[in-house]
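# Per-entry structural report
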Amino acid sequence: MKTLKVVTIGGGSSYTPELLEGFIKRYNELPVSELWLVDVEEGREKLDIIHNLCQRMVEKAGVPLKVYKTLDRRQALQGADFVTTQLRVGQLKAREKDERIPLSHGYLGQETNGAGGLFKGLRTIPVIFDIIKDVEEICPNAWIVNFTNPAGMVTEAVYRHTNFRRFIGVCNVPVGMKMFIRDVLKLEESDDLSIDLFGLNHMVFVKEVLVNGQSRFAELIDGVASGTLTARTVKNIFGLPFNEGLIRALNLLPCSYLQYYFKHKEMLAIEIGEFYKGGARAQVVQQLEKQLFELYKDPNLNVKPAELEQRGGAYYSDAACEVINAIYNDKQTEHYINIPHQGCVQNIPHDWTVEMTCLLGRNGATPHPRITHFDENVLGLIHSIKCFEIAASKAALSGEFNDALLALNLNPLMRSDTDAQVLIQELLLAHQEHLPRFAKAIAALK
């Protein structure tokens, strides 16, 4: 078999041990011989710790896989077959600003929704575009598998504003939903589970569940609606049950992030309460990261520690391994990813990038033929967020104040154009180091 070279940008991430574990356990069908971990100067210390742990993991596994580390992205990309992106521009201190500044004005502070999600996108999209330029020049046949948030906005920007088409956005939320469905339906490992999932990143719904070819969706919905089955939430969102009547009327299973829209008052109250007590999710994550890296330093540790699952993005990396495996081995298996649907969904604009059930193989992803329409009951909400994503991707490239202002005002979590202006001003100044395209707009604010 041809050996593979994988480059992971953001290699100093606490998720990297899970990514390596995924490659190790799939080695017989996915022969990764080189894993290059790339990071920036600010992440050097974490990169060193992760590299040492990865070397111990490889040694324990006894597979012929070499792990390299570098701060030179272009060097790492030479001969790459797959590039995974898991970067965070500005690191966790930037996330803290994304959360705390909106909360200080009475708005949800979250890294992929609302004002915080907008500014994470504004920082991230230009960096992803720089990576794409390097890939096009150095390893043009490589696939980029992105699980940098906001994944939907990033993927929308790539397909709307570049000609690069070997780009797939991955999220762990659908993976968690599938695991929840397996648990609550008490499925055996041998049972074949297929789910029809549709929407946008962090705004997905499940509308059908097939177990060994037979629908068990009614049983699932009845259990979730009645409270008999409690929906698993992702680690970074406080979990509240959805209203029974809403679930029965929708006849859809929403992901946890839909709480920000269907339970806005409650979620805002919870977050503001935490904010005034001096807390934010970013601070919790920073403490978890500190604990994880202390574990990672242990010279006797040579496996992925169980504590990693406490991070909100658990299973991202495993999902990325499965995507790479499906492409490399032309598996044509079912995955839940962000891609342009290219007109396969008949009641939304043909050029939208969406998150949905797809079949994945050597030539990339194809929307599953069962999903030809998005449910009309949630189309209004989906349209609102998609218009926000499109406007945000434009702002990330233009660096224009008013483009960012428009994007934020289009977001349904924003309630005042005056507040939006204040938030844009404060967040631009707070993140100026990582927003070079907005240099002119920032200078005008000083």
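Scoring rules and cut-offs
- Residues numbered from 1 in each chain as written.
- Predicted model: local features only at pLDDT ≥ 70, side-chain atom pairs only at ≥ 80, totals over all residues.
- Heavy atoms only, no water.
- Disulfide = S-S within 2.5 Å.
- Core = buried A, V, L, I, M, F, W, Y, C linked by side-chain atoms within 4.5 Å.
- Buried < 20%, exposed > 50% of the residue type's maximum accessible area, 1.4 Å probe, protein only.
- 1 Å grid on protein atoms, 1.4 Å probe; cavity = no way out; pocket = protein on both sides within 12 Å on 5 of 7 lines; lining within 4 Å.
- Points joined across faces, edges and corners; volume = space filled by probe spheres on them.
- Helix = DSSP H or I, 4+ residues; strand = E, 2+ residues; numbered from the N terminus.
- Nonpolar A, V, L, I, M, F, W, Y, C, P; charged D, E, K, R; others polar.
- UniProt positions renumbered as here; feature names shortened; annotations may be inferred.
- Polar contact = N/O pair within 3.5 Å; in protein donor to acceptor, adjacent residues only side chain to side chain.
- Phe/Tyr/Trp six-rings, centres within 6.5 Å; stacked < 30°, edge-to-face > 60°.
- Lys NZ or Arg CZ within 6 Å of the ring centre and 35° of its normal.
- Contact = heavy atoms within 4.5 Å.
- Axes fitted to C-alpha atoms, helices over the stretch in contact; angles between N-to-C directions.
- Parallel < 35°, antiparallel > 145°, perpendicular 65-115°, else oblique.
- Left-handed = near helix turned anticlockwise from the far one by under 90°.

## Section: the state of the cysteines
Counted under the stated rule, the structure contains 0 disulfides. As a non-bridged cysteine, C255 has C171 as the owner of its nearest cysteine sulfur, 7.9 Å distant.

## Details of the nonpolar core
In terms of nonpolar packing, the biggest core is built from 95 residues, with F23, I181 and V209 touching the most fellow members. Judged by nonpolar contacts, the second largest core, of 53 residues, contains V38, I128, F129 and L427.

## What to know about empty space enclosed by the protein
Counting across every chain of the model gives 2 cavities of 30 Å³ or more. Lining of the largest cavity is provided by 14 residues; of these, T112, N113, N201, I385 and E389 occupy positions nearest its centre. Elements supplying a minimum of two residues to the lining of the largest cavity: α6 (151–161) and α14 (379–398). Among the elements that make up the lining of the largest cavity, the one with the highest residue count is α14 (3 residues). When grouped by side-chain class, the residues that make up the lining of the largest cavity number 6 nonpolar, 7 polar and 1 charged. Quantified by volume, the second largest cavity comes out at close to 40 Å³. Taken together, Y107, L108, G114, A115, L408, L413 and M414 make up the lining of the second largest cavity. Considering only residue class, the lining of the second largest cavity consists of 6 nonpolar, 1 polar and no charged.

## Focus on the UniProt feature "site: Increases basicity of active site Tyr" (unreviewed entry) in the protein
In the UniProt entry, the feature "site: Increases basicity of active site Tyr" (unreviewed entry) is given for E111. Positionally, E111 belongs in the loop between α4 (91–104) and α5 (114–138). Side chain to side chain, E111 and R88 meet in a polar contact 2.8 Å long.

## Focus on the packing of aromatic side chains
Per the stated rule, a full pass over the model turns up 7 aromatic pairs. Between W36 and Y68, the ring centres sit 4.5 Å apart and the planes meet at 15°, which makes this aromatic pair stacked. You can see W36 sitting in strand β2 (residues 32–38) and its partner Y68 sitting in strand β3 (residues 66–70), a full 32 residues away along the chain. Taking 5.1 Å as the distance between ring centres and 70° as the angle between the ring planes, the aromatic pair formed by F275 and Y276 counts as edge-to-face. Taking the relative accessible area as the measure of exposure, F275 reaches 12% and is therefore buried. Three or more aromatic residues joined by ring pairs form one cluster here, namely F198, F205 and F374. The side chain of K5 reaches across the aromatic face of W36, ending 4.6 Å from its centre. When the ring centre of Y107 is taken as reference, the NZ or CZ atom of R415 above it lies at 4.4 Å.

## What to know about the side chain of T124
Assignment of secondary structure puts T124 in helix α5. If near-sequence neighbours (up to four positions away) are discounted, T124 is found in contact with L87, V89, T148, N149 and V154.

## Structural notes on the packing of α5 against helix α16 (residues 417–430)
The interhelical angle for the contact between α5 and α16, taken along N-to-C directions, is 45°, at an axis separation of 11 Å. One element, α5, and the other, α16, form an angle in the oblique class. When you trace α5 past α16, the crossing you get is right-handed. In this structure, α5 contributes A115, L118 and F119 to the contact, and α16 contributes L423, I424, L427 and L428. Here the contact of α5 with α16 is built from residues that sort into 7 nonpolar, no polar and no charged.

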